Amino acid sequence: MGYNIGTRLIEDFLARSNMGRCADFREVGEVVAKVGFKSFLNITPNVTHGAQPPASSPTRTSMPPPQVNAPGASFTLTFDENPLAEFVELPEEALEGGLWFSNVLCGVLRGALEMVQMQVTATFISDVLRGDEATEIRVTLVKYLEEEVPVGDD
Amino acid sequence: MAIFGLWVINKAGGLVYERSFGDGLPHLTSNEYLVLAGTLHGIHAITSRLSPTGSSSGAHVISGETFKMNILLTATGTKFVLLTSLVEPSADSVLQKVYEIYADAVMKNPFHTPEMPIRSEGFDTRIVALLG
């Protein structure tokens, strides 16, 4: 559900915000948090950028330079307030059944970023509705999608 | 200072919307419009590879003797093409407004399938109000 919203929302966002392409994934995280969420939900989640992707060789002693664009890069959004969950209390069955109430937000992030050629996974780490301390979503870059030009007919 | 026509081309190169204003352009059949749009899409892709200064997003303005074409390429691959007379200074801002109307009327329409031809009265009305 969120995915469908996301694929359409990105056009609205780009039309109004007039932003160009982000230079790297770190900037994507910043823009999503500070411009995107602000303009649509009027909240500004905190962004923390994730660890670099694991080094390919386990024997390497020094950390490789931060690969901000490599698949595996991630950022985490921490929400102080969640307008979707403002007046919500989850019943027992939902808590036990593992329901993430605002999962539509993950879908929106996935759909929107896919339309700008980034395949990501967005998952909830913790949710205030389930009794955790804060609401957090982690967005991880799977890969950049190369523009697939469809095979021409002539 | 006149706007002759507006085309919207999806990221696969197919024409999803076409409208002519006034009588500056000769009337073409819808098939011809489709072919022209596909050709333009291909040319745009080629020009993005030809840039001498590294990565580029493709042709922005193509001008002829009596008219010019402004092309707005969005980050999602949709192209908005505005055909105007040579002396139109505000083509870019017009294209930006068209993009906003597209985001409002087309994207938020739950009955519209993305990348499919646009059949929306709201979009038509607003485009005519803006450009007609």
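Residues numbered from 1 in each chain as written. Chains lettered and ligands numbered in written order. Predicted model: local features only at pLDDT ≥ 70, side-chain atom pairs only at ≥ 80, totals over all residues. Heavy atoms only, no water.

As annotated in an unreviewed UniProt entry, chain B carries the name Trafficking protein particle complex subunit and comes from Dichomitus squalens. In its Sequence similarities (unreviewed entry) section, the UniProt entry covering chain B states "Belongs to the TRAPP small subunits family. TRAPPC4 subfamily." We quote the UniProt Subunit (unreviewed entry) comment for chain B here in full: "Part of the multisubunit transport protein particle (TRAPP) complex." (UniProt positions renumbered as here; feature names shortened; annotations may be inferred.)

As recorded in an unreviewed UniProt entry, chain A goes by the name Trafficking protein particle complex subunit BET3, listed as coming from Dichomitus squalens.

Trainee: Give me the overall build of chain B: which residues, what numbers.
Mentor: Across its full length, chain B holds three helices and five strands. Start at the N end of chain B and walk to the C end: the helices and strands fall as β-β-α-β-β-β-α-α. A globule of 132 residues ought to have a C-alpha radius of gyration of about 14 Å, and chain B, at 14 Å, matches this closely. Once the C-alpha set of chain B is aligned to its principal axes, its extents read approximately 40 × 30 × 30 Å. Residues classed as buried in chain B amount to 44% of the 132 residues present. Look at the contacts in chain B between residues 6 or more apart in sequence, and 48% of them connect residues 24 or more apart. Of the roughly 6900 Å² that chain B leaves accessible, carbon and sulfur atoms contribute 59%. (Helix = DSSP H or I, 4+ residues; strand = E, 2+ residues; numbered from the N terminus. Rg over C-alpha atoms; globule rule 2.2 N^0.38 Å. Buried < 20%, exposed > 50% of the residue type's maximum accessible area, 1.4 Å probe, protein only. Contact = heavy atoms within 4.5 Å. Areas by Shrake-Rupley, 256 points an atom, 1.4 Å probe, with all protein chains shown as cover.)

Trainee: I'd like to hear about the pattern of salt bridges, residue by residue, with values.
Mentor: If the charged atoms of two oppositely charged side chains come close together, the side chains can form a pair. With the rule as written, the count across this model stands at eight salt bridges over all chains. As a salt-bridge pair, B:E100 and A:R16 come within 3.4 Å of each other at their nearest N and O atoms. Of this pair, B:E100 sits in helix α2 (residues 91-107) while A:R16 sits in helix α1 (residues 2-17), on two different chains. By relative accessible area, which is 30% here, B:E100 ends up partly exposed. Across the pair A:K34 and A:E30 runs a salt bridge, and its minimum N-O distance is 3.2 Å. Of this pair, A:K34 and A:E30 both sit in helix α2 (residues 25-41), four residues apart, which is roughly one turn of that helix. Looking at A:K34, the relative accessible area reads 44%, which means it is partly exposed. Through salt bridges with shared partners, a single ionic network connects A:D12, A:R16, B:E100, B:D104, B:K108 and B:R126. (Salt bridge = Lys/Arg side-chain N within 4 Å of Asp/Glu carboxyl O.)

Trainee: I'd like to hear about unusual backbone geometry, residue by residue, with values.
Mentor: Although it is not a glycine, A:N42 sits at a positive phi angle of roughly 60°. Here A:N42 shows up in the loop between α2 and β1 (46-49). Take A:N42: its relative accessible area is 53%, and that puts it in the exposed class. Phi angles above zero are rare outside glycine, and B:E115 is one such case at about 75°.

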